[in-house]
Amino acid sequence: MRLFRPRTPPTGVDGQPRLSRDVLVLGVIAFFVMVGFGVVVPVLPVYVRSFGVGNLEIGAVVSAFALMRFVASPFCGRLIDWAGERTILAAGIGIVALSSGLAGIAQNYPQLLLLRGAGGIGSAMFTVSAMTLLLGSTAPGIRGRAIGFYQGGFLLGGMAGPALGGLLATISLTAPFFFYAGTLAIAGVLGLLLLSPGYRNATADASGASAPRVPFRAVLADPRFRAACLANFAQGWTSFGVRNALIPVLVVEVLRGPSSWTGVAFAVAAVAQTLALAPAARFVDTVGRRPAIIGACLLAAVTIFAVPFAPNIVVLTVLLCVYGVASAFLGTAPAAAVGDAAGAGGGRPVAVFSMFSDFGAIIGPLAAGLLADSVSYPVAFGVGALFFLATSALALRMPRETRAVRPA
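Cut-offs used in this document
- Throughout this description, residue numbers start from 1 for each chain and increase along the sequence as written.
- Owing to the predicted nature of the model, reporting of local features is limited to residues with pLDDT of at least 70; listing and counting of side-chain atom pairs is limited to 80 or more, with chain, interface and lining totals taken over all residues.
- The side-chain numbers reported here are obtained from all heavy atoms of the structure, hydrogens and water having been left aside.
- Here, nonpolar core refers to any group of buried Ala, Val, Leu, Ile, Met, Phe, Trp, Tyr and Cys residues whose side-chain atoms link them within 4.5 Å.
- Three exposure classes are used, based on accessible area relative to the maximum for each residue type with a 1.4 Å probe and protein chains only: buried under 20%, partly exposed in between, and exposed over 50%.
- Two residues form a contact once any of their heavy atoms are found within 4.5 Å.
- Here a Phe, Tyr or Trp ring, Trp counted by its six-membered ring, pairs with any other such ring whose centre lies within 6.5 Å, and the pair is stacked when the planes are under 30 degrees apart, edge-to-face when over 60, and tilted otherwise.
- Segments assigned H or I by DSSP are reported as helices when at least four residues long, segments assigned E as strands when at least two residues long, and all are numbered from the N terminus.
- Every case where a carboxyl oxygen of Asp or Glu lies within 4 Å of a side-chain nitrogen of Lys or Arg is listed as a salt bridge.
- One fewer than the residue count of a helix, multiplied by 1.5 Å, yields its expected span.
- Polar contacts here mean pairs of N or O atoms no more than 3.5 Å apart (in protein, one a potential hydrogen donor and the other a potential acceptor; neighbouring residues in sequence count only if both atoms are side-chain atoms).
- The angle between two axes is taken between their N-to-C directions and runs from 0 to 180 degrees, where each axis is a line fitted to C-alpha atoms and a helix contributes only its stretch in contact.
- An angle counts as roughly parallel when it lies under 35 degrees, as roughly antiparallel when it exceeds 145, as roughly perpendicular when it falls between 65 and 115, and as oblique in every other case.
- Should the near helix be turned counterclockwise from the far one by less than a right angle, the crossing is left-handed, whereas a clockwise turn marks it as right-handed.
- Each residue gets one of three labels, nonpolar for Ala, Val, Leu, Ile, Met, Phe, Trp, Tyr, Cys and Pro, charged for Asp, Glu, Lys and Arg, and polar for the others, Gly among them.
- Like charges are joined within 9 Å and nonpolar side chains (Val, Leu, Ile, Met, Phe, Trp, Tyr) within 5 Å, but only among residues with over 30% relative accessible area and no salt bridge; these make up the patches.
- Accessible areas in this description were obtained via Shrake-Rupley with a 1.4 Å probe; residue shielding takes into account the shown protein chains only.

### Some remarks on the nonpolar core
Consideration 1: The biggest cluster of nonpolar side chains holds 109 residues, and the ones touching the most others in it are I29, F126, Y150, L316 and F381.
Consideration 2: Among all residues touching L316, those that are not within four sequence positions of it are I247, V251, L255, V307 and A310.

Shown next, in the form of structure tokens:
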């Protein structure tokens, strides 16, 4: 059985808590992971098509990654309890790196499908262990800032990756997979060398005292945890099911524009989300998780419902930017609420929290596409808006917060 050694979060010269080295390293790791992932995404469908398969098989390869993430997540918490966050993080990154490199030399479609599924298992191990370490090494008063820094690494990597992927694709369709394996190898080495040893950092309160370990059953009953999980499901459903799956089709079929418009609109929205991340993180830490979740979900519901009624690409881009601002809050506040509810509860709460997003990402594209085909685009977008409204209503049950520690 692994021993647990609580650690008081670091403080600055003014006595205020500051971001730990683990948080800074995790942000850099997130950048390298997402750069590689972004390189692969644009070429993956074309690469799968080169095996002589149809659209269904292409979709299966994309879904296999998310499906295996979902299946593997429940086991990640126990793995972390057994081996520690750093070990599981590095092992997960190693699995994704190996599967990605092998995907570049896959001989047939079944091999590629199995390798992408294996990559999903490694991705779940990385995601859960990284977030568990992040929440456990950060004081509550700066938890939003820590998550914002970590999410910022993903966003910057996500913006740089697709551009690099387009350049690498001119060399060969397999080059992005080898590049992805390389960036993951860098991320894994950084994790092994720079992250704290395999002892979980217990969550500390404002005075630096270690918070008690919260039983998993108590975490499940906490309204903060429930609201955070529903918010993560709504984000997975809407961002992957509605935003990524339907808006490219909406641009071409409804607005009668070229597909390049979608890329421009998404890029501008990504910039808006990145710029909003730091203010959102500070709001989450100083004002509270509850108002952040309530307000962001209401804003996301209104904007995503208005998208199918956009008369032109300019209005659509503005709406996506506003949705990006809401996503900046929803990328920090729910995760911070999980940390507040779980305390030193380990990886299981984080694994469950992650599963809600994966589940939304799996069924969202299918349900949204079915609704758009059988009913209408407004209905397909409206269902996503309903999930955000439900989350906002559930968040009203969260306790009101007082922030004893304010970030400098």
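Having seen it, we continue.
### Section: the packing of aromatic side chains
Consideration 1: Applying the stated criterion across every chain yields a total of 15 aromatic pairs.
Consideration 2: Judged by centre distance (5.0 Å) and plane angle (90 degrees), the rings of F233 and F387 are edge-to-face. Placement of F233 in helix α9 (residues 223-253) and of F387 in helix α15 (residues 377-395) is noted, with a sequence separation of 154 residues between them.
Consideration 3: By relative accessible area, which is 9% here, F233 ends up buried.
Consideration 4: Put simply, the rings of F70, F233, W237, F359 and F387 pair up and form one aromatic cluster.

### Focus: the pattern of salt bridges
Consideration 1: Under the criterion given, the structure shown has five salt bridges.
Consideration 2: Close ionic contact of R69 with D358 constitutes a salt bridge, the shortest N to O distance being 3.0 Å. With R69 in helix α3 (residues 55-83) and D358 in helix α14 (residues 347-374), this pair connects stretches of sequence that are 289 residues apart.
Consideration 3: Owing to a relative accessible area of 12%, R69 belongs among the buried residues under this scheme.
Consideration 4: Judged by its relative accessible area of 6%, D358 is buried.
Consideration 5: Its salt-bridge partner being R224, residue D222 comes within 2.8 Å of it at the nearest N-O pair.
Consideration 6: Classification of R224 by relative accessible area gives partly exposed; the value is 22%.
Consideration 7: Salt bridges here are not isolated pairs; linked through shared partners, they connect R143, D285, R289 and D340.

### Concerning helix α5 (residues 109-136)
Owing to its 3.6 residues per turn, the α-helix brings residues three or four apart onto one side.
Consideration 1: In this model α5 runs 41 Å from its N-terminal to its C-terminal C-alpha over 28 residues, within 8% of the 40 Å that 1.5 Å per residue would give.
Consideration 2: Within α5, 21 of the 28 residues are buried, which leaves it mostly tucked inside the rest of the structure.
Consideration 3: Looking at where α5 begins, the residue whose side-chain oxygen comes 3.0 Å from the main-chain nitrogen of Q111 is N108.

### Description of the packing of α5 against α14
For any two helices packed against each other, the geometry comes down to the angle between their axes and how far apart the axes lie.
Consideration 1: As a packed pair, α5 and α14 sit with axes 9 Å apart at the nearest point and diverge in direction by 125 degrees. When the axes of α5 and α14 are compared, the pair comes out oblique. Handedness of the α5/α14 crossing: right-handed. Across the interface between the two elements, T127, V128, M131, T132 and L135 of α5 pack against G347, V350, A351 and S354 of α14.
Consideration 2: Tallied by class, residues from the contact of α5 with α14 come to five nonpolar, four polar and no charged.

### Looking at a nonpolar patch on the surface
Consideration 1: There is a patch of nonpolar side chains on the surface, built from F31, L156, M159, V271 and L275 and spanning about 430 Å² of accessible area.
Consideration 2: Secondary-structure elements contributing two or more residues to the nonpolar patch are α6 (143-169) and α10 (260-286).
Consideration 3: In this fold, M159 is placed in helix α6.

### A look at the environment of V379
Consideration 1: Along the chain, V379 turns up in helix α15.
Consideration 2: Sequence separation between V379 and F305 is 74 residues; the distance between their C-alpha atoms is 8.6 Å.

### Notes on the packing of α10 against helix α12 (residues 313-330)
Consideration 1: Their axes nearest at 7 Å, the elements α10 and α12 cross at an angle of 30 degrees. One element, α10, and the other, α12, form an angle in the roughly parallel class. Crossing angle aside, the handedness with which α10 passes α12 is right-handed. Along its contact with α10, which presents W261, A265, F266, V268, A269, A272, Q273, A276, L277, A280 and F283, the element α12 presents I313, T317, L320, C321, G324, V325, S327, A328 and F329.
Consideration 2: Split by residue class, the contact of α10 with α12 holds 16 nonpolar, four polar and no charged.

### A short note on helix α13 (residues 333-342)
Consideration 1: Counting buried positions over the 10 residues of α13 gives 10, a clear majority of the element.
Consideration 2: Taken as a whole, α13 has its buried residues at A333, P334, A335, A336, A337, V338, G339, D340, A341 and A342.
Consideration 3: Trailing α13 by a residue or two, G343 shows a phi angle of about 55 degrees, which is positive.

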